Amino acid sequence: MSTLDKVTVDLMVVLGTSTMPIHQVMRLSRGAIIELDATEADEVKIHANNMPVASGVVLVDRNRIAVEVKRMLPRSPDGR
C-alpha cells in the first residue's frame, strides 16, 4: 500500500458567500433560505484543507451533484 493511500484531505466547495448579523443567524431554522452572492453560472472555489487549490463549475445529473475542475490555482511561494 502506498503511503499516499493513508493521507486524507478535507475538500470544500464554496458556492458563494453571505453576510448577516448574528441575531439573524441565531433565528435560522430548518428550511431557511440564505441568499448567496453568486448565480448558478458562476465558478465555485475548491479548497483542500482550507487552502484554495482550484476553481470549477457545478454539474447536476438527475439527483447527483458534482464539481468539474476547470482551473488549478498557482501554488503559494511558501509551498503550501
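Below: a short report on this structure. As the structure is a prediction and not an experimental result, all values here were calculated from the model. (Residues numbered from 1 in each chain as written. Predicted model: local features only at pLDDT ≥ 70, side-chain atom pairs only at ≥ 80, totals over all residues. Heavy atoms only, no water.)

**Here we look at the overall build of the protein chain**
Phase 1: For the protein chain, the count of helices and strands is one helix and four strands.
Phase 2: Going residue by residue from the N terminus, the α and β elements of the protein chain occur as β-α-β-β-β.
Phase 3: What you see for the protein chain is a C-alpha radius of gyration of 16 Å, clearly larger than the 12 Å of a compact globule of 80 residues, by over 25%.
Phase 4: Based on the C-alpha atoms only, the size of the protein chain along its principal axes is roughly 45 × 35 × 25 Å.
Phase 5: A buried classification covers 10% of the 80 residues belonging to the protein chain.
Phase 6: The long-range share in the protein chain, meaning contacts at least 24 apart out of those at least 6 apart in sequence, stands at 29%.
Phase 7: Total accessible area computed for the protein chain in this model is approximately 7,400 Å², and 55% of it derives from carbon and sulfur atoms.
Phase 8: Distance between charge centroids for the protein chain: 5 Å, based on 10 positive and 10 negative side chains. (Helix = DSSP H or I, 4+ residues; strand = E, 2+ residues; numbered from the N terminus. Rg over C-alpha atoms; globule rule 2.2 N^0.38 Å. Buried < 20%, exposed > 50% of the residue type's maximum accessible area, 1.4 Å probe, protein only. Contact = heavy atoms within 4.5 Å. Areas by Shrake-Rupley, 256 points an atom, 1.4 Å probe, with all protein chains shown as cover. Lys, Arg positive; Asp, Glu negative; His and termini not counted. Charge placed at Lys NZ, Arg CZ, Asp CG, Glu CD.)

**Looking at a nonpolar patch on the surface**
Phase 1: Taken together, the side chains of Val13, Leu15, Ile22, Val25, Met26, Leu28, Ile34, Leu36, Val58, Val60, Ile65 and Val67 make up a nonpolar region of the molecular surface, amounting to roughly 1,100 Å² of accessible area.
Phase 2: If you tally residues by element for the nonpolar patch, the top one is helix α1 (residues 22-26), at three residues.
Phase 3: Within the secondary structure layout, Ile22 lies in helix α1.
Phase 4: Residue classification places Ile22 among the exposed positions, given a relative accessible area of 60%. (Patch = residues over 30% accessible without salt bridge, like charges linked within 9 Å, V, L, I, M, F, W, Y side chains within 5 Å. Salt bridge = Lys/Arg side-chain N within 4 Å of Asp/Glu carboxyl O.)

**Describing the layout of surface pockets**
Phase 1: Its boundaries defined by the atoms lining it, the second largest pocket holds a volume of some 170 Å³.
Phase 2: Forming the walls of the second largest pocket are Leu15, Leu36, Ala38, Thr39, Glu40, Asp42, Glu43, Val44 and Val58.
Phase 3: Within the lining of the second largest pocket, the residues separate by chemical class into five nonpolar, one polar and three charged. (1 Å grid on protein atoms, 1.4 Å probe; cavity = no way out; pocket = protein on both sides within 12 Å on 5 of 7 lines; lining within 4 Å. Points joined across faces, edges and corners; volume = space filled by probe spheres on them. Nonpolar A, V, L, I, M, F, W, Y, C, P; charged D, E, K, R; others polar.)

**A word on the pattern of salt bridges**
Phase 1: Under the defined criterion, the tally for this structure stands at two salt bridges.
Phase 2: Between Lys70 and Glu68 there is a salt bridge, with the nearest N and O atoms lying 3.5 Å from each other.
Phase 3: Taking the relative accessible area as the measure of exposure, Lys70 reaches 47% and is therefore partly exposed.

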